[in-house]
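What follows is the residue order along each chain.
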Amino acid sequence: MAKDNIIINGVPVSGGVAMGEAQVLRDPMFQIVRRTIPAARIKSETARLEEASQKAIEELRIAKFKAIKAVGEQGASVFEAQVMIASDRQFLDSVIEKITVERVNAEYAFQEALAVTINRLNDSQDQSLRHMIHDIRSVSERVLSFMMGIGDGHENGFDRPTILIGRIFSPGQIMSYAKRNVVGFLTEEGGPTSHMGLIVRSLGLPAVMGDYSIGDDITSGTQIIIDGNNGEVIINPDPNTWRNYRRIRLRKRSQPFALLLKSRSISPVCSDGRKIKLAANLEVPGSLDEHLVRLGIGVGLYRTEFLYFSKQSFPDEEEQYDVYYGIARKFNPLPVTLRTFDLGGDKYAKELGRISEDNPALGWRGIRVSLESPKMFRTQLRAMLRASVLGNLKILLPMVSDVEELIATLDFIEKTKRELKRAHIDYDDNVPVGVMIEVPSAAMSADYLAEKADFFSIGTNDLIQYTMAADRGNHRVAKYYIGHHPAVLQLIVRTIHAAHQNGIPVSICGEMASSKTMAPFLVGLGVDELSMSPTQLPVIADWISRFKYIDAKRFSSRVMRLGNAEKVSRALKEAYDYIKQQRKGSWLDEQTRRR
């Protein structure tokens, strides 16, 4: 008899709660046999290859068209990257050459050429490059399916709400399954920054990544619950647990996407009248933008690197300007913070040649690449400055680790401004330039950075992983990724203090900003803004309204006196439980009384 309520912890990829029946999908195992063909069949084998490729391209274009309606033009552009892969003439010609020279069947030639390409790309350990490998595999499986007469194979929906489990799912698969009664995803790969993560969040589908004992604890037909807010998976939930989660869903507490769409106002005001500013983190312009504007929510972080991932090449000035100006105009007069490209040097294959690094997270990325690639940096800065003419744009610099990098960047921006001025091109001469505090050295030198910067934005995701030496996308070390560790909190406090001492605002833009557990602590520290995924805005606004600012200040002060992560965790949980019960009075007084 299967054990009830088995709980597995993973990495949150997309928030919300999903309940359903597990469906385990293995990677397609095409049993392709090498067959020798006569010379007379070479032409027909080549034709089969070309036809299958065209069918895959057409299928991807249809998927992109559907995605545009669901998640917007930019969000759907991942399919354009897959169309480009399917249309790669150089690769197809190499397959045709193999068919012709070796006189082998098209499927075998295609699979052999694919293996060579994948092995070459696998030499890099960079995560985003592995994401590109996922896209290549996904496209290749489509082409092989058509050559073998299999087609999509998933035309019909599932009879019951279903949670798909597998190694990883491509954007196309997610878009397709989302309309077939699939309510959530569990994967072994593809973290929050992957193409998969982007699409599931855009669709409001819960997703978690980790080790799920596939084939052991989880088999097809197993009842499971996934909580994308905290990365928890419940296998074989007992009737009481199932009823409790169903009750939560009926209250829409666990469906932030639907909750946001139903929101008519978002008023993050503490119960004693203190107003707290909220903003949205965006990866691509999409269907939620107009709703955010109506709610008066600006953009605290716009990740511009998606412009690169959507086409796997560096966008020119006009392409970037069109996107930057479009989002600035849409949100005007609300502020929009554009982050310059946070990409590793290995991404710029065409521009710089492929860069191979053993540890790219600690390598040549972010502002380091920008400063040492002046042509590309100039292109992006010109586009941003031109778009700043409306007066509501800010420029944010990623991965700054030293004040000299900030000084060099400010000089570069001034030089770019002079170029625009000489060309009689308008821009905002007072566009704010801020620093993303996500490297411990930046937090430790925040006093010096604050003298030069116009604002700070604390990227807690990277700050935590760099401080704790734990990759947040690796479920094996997830237990070491501790956001409430005193070392991390000390760096945050130091940054906030330095910013306010120098009269500049500071925001939190990592996932910590959308944590109800951390909200009273961060509010109590006096952060000027919490920037988060749009779907979390109504949740956090409601939570903030439940406690007093004066209590939050006292609480954050007490937390900073605690000496280890366990004590901090206990204090945060006690505060959370007390606020959740919405009792009158102060949870801090209650905690003090207990002690």
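Residues numbered from 1 in each chain as written. Predicted model: local features only at pLDDT ≥ 70, side-chain atom pairs only at ≥ 80, totals over all residues. Heavy atoms only, no water.

Moving on to the overall build of the protein. Tallying secondary structure elements over the protein gives 25 helices and 16 strands in all. Looking at the protein residue by residue over its 595 residues, the buried ones come to 56%. In the protein, of all internal contacts separated by at least 6 residues, the share reaching a separation of at least 24 is 70%. Accessible surface, the protein as shown: approximately 26200 Å² in total, 49% of it carbon and sulfur. (Helix = DSSP H or I, 4+ residues; strand = E, 2+ residues; numbered from the N terminus. Buried < 20%, exposed > 50% of the residue type's maximum accessible area, 1.4 Å probe, protein only. Contact = heavy atoms within 4.5 Å. Areas by Shrake-Rupley, 256 points an atom, 1.4 Å probe, with all protein chains shown as cover.)

A separate point is the sheet that holds strand β16 (residues 529-532). Strand order around the closed barrel formed by eight strands is β9-β10-β11-β12-β13-β14-β15-β16, with parallel pairing between neighbours. Pairwise comparison of adjacent strand axes, ignoring direction, gives a mean angle of 30° for this sheet. Inspection of the sheet shows strand β11 (residues 336-339) paired to strand β12 (residues 393-397) by four bridges, in the parallel sense. Across the sheet, residue V336 finds its bridge partner in β12, namely L393. (Pairing = 2+ DSSP bridges. Axes fitted to C-alpha atoms, helices over the stretch in contact; angles between N-to-C directions.)

Now for the sheet that holds strand β7 (residues 223-227). Judged by pairing direction, the sheet is mixed, and its eight strands sit side by side in the order β1-β8-β7-β3-β4-β5-β6-β2 without closing on themselves. Edge positions in the open sheet fall to β1 (6-9) and β2 (11-14), since each of these has one partner strand only. Going from strand to strand, the sheet's axes swing by 30° on average, the running direction of each strand aside. Across four bridges, β7 lies against strand β8 (residues 232-235) in antiparallel orientation. Looking across to β8, one finds that I224 is bridged to I235.

A few words on the environment of S457. Tracing the sequence through the fold places S457 in strand β14 (residues 455-458). Relative accessible area serves as the criterion here: at 1%, S457 is assigned to the buried category. Between the C-alpha atom of S457 and that of P505, which follows or precedes it by 48 residues, the distance is 8.5 Å. The contact partners of S457, leaving out residues within four places of it in the chain, are L396, V435, M436, I437, S507 and C509.

So, on to the packing of helix α12 (residues 317-331) against helix α15 (residues 374-387). In contact at an axis separation of 8 Å, α12 and α15 are set at 35° when each is read in the N-to-C sense. You can see that α12 and α15 cross each other, and the crossing is right-handed. Across from E317, E318, Q320, Y321, Y324, Y325 and A328 in α12, the residues of α15 making contact are T379, Q380, R382, A383, M384, R386 and A387. Split into classes, the residues belonging to the contact of α12 with α15 amount to seven nonpolar, three polar and four charged. (Left-handed = near helix turned anticlockwise from the far one by under 90°. Nonpolar A, V, L, I, M, F, W, Y, C, P; charged D, E, K, R; others polar.)

For the protein, the mean per-residue pLDDT works out to 83, and 81% of the residues sit at or above 70. Residue range residues 150-155 is modelled with pLDDT below 50. Its contacts to residues more than four positions away, or to other chains, number ten contacts. (pLDDT = per-residue confidence, 0-100.)

In this section: α12. Along its 15 residues, α12 runs 21 Å from first to last C-alpha, staying within 8% of the 21 Å computed at 1.5 Å per residue. Every buried residue of α12 is accounted for by E317, Q320, Y321, V323, Y324, G326, I327, A328 and F331. For α12, the side-chain oxygen to backbone nitrogen distance between the N-cap and E318 is 3.2 Å, and the N-cap itself is D316. (Expected span 1.5 Å × (residues − 1). Polar contact = N/O pair within 3.5 Å; in protein donor to acceptor, adjacent residues only side chain to side chain.)

By size, the foremost hydrophobic cluster in this structure holds 101 residues, and its most contacted members are Y324, F456 and L530. Setting aside anything within four residues of it in sequence, one finds L530 in contact with K277, L278, A279, I508, A513, L522, V523 and I544. With 31 residues, the next largest nonpolar core counts F91, L92, V95 and A113 among its residues. (Core = buried A, V, L, I, M, F, W, Y, C linked by side-chain atoms within 4.5 Å.)

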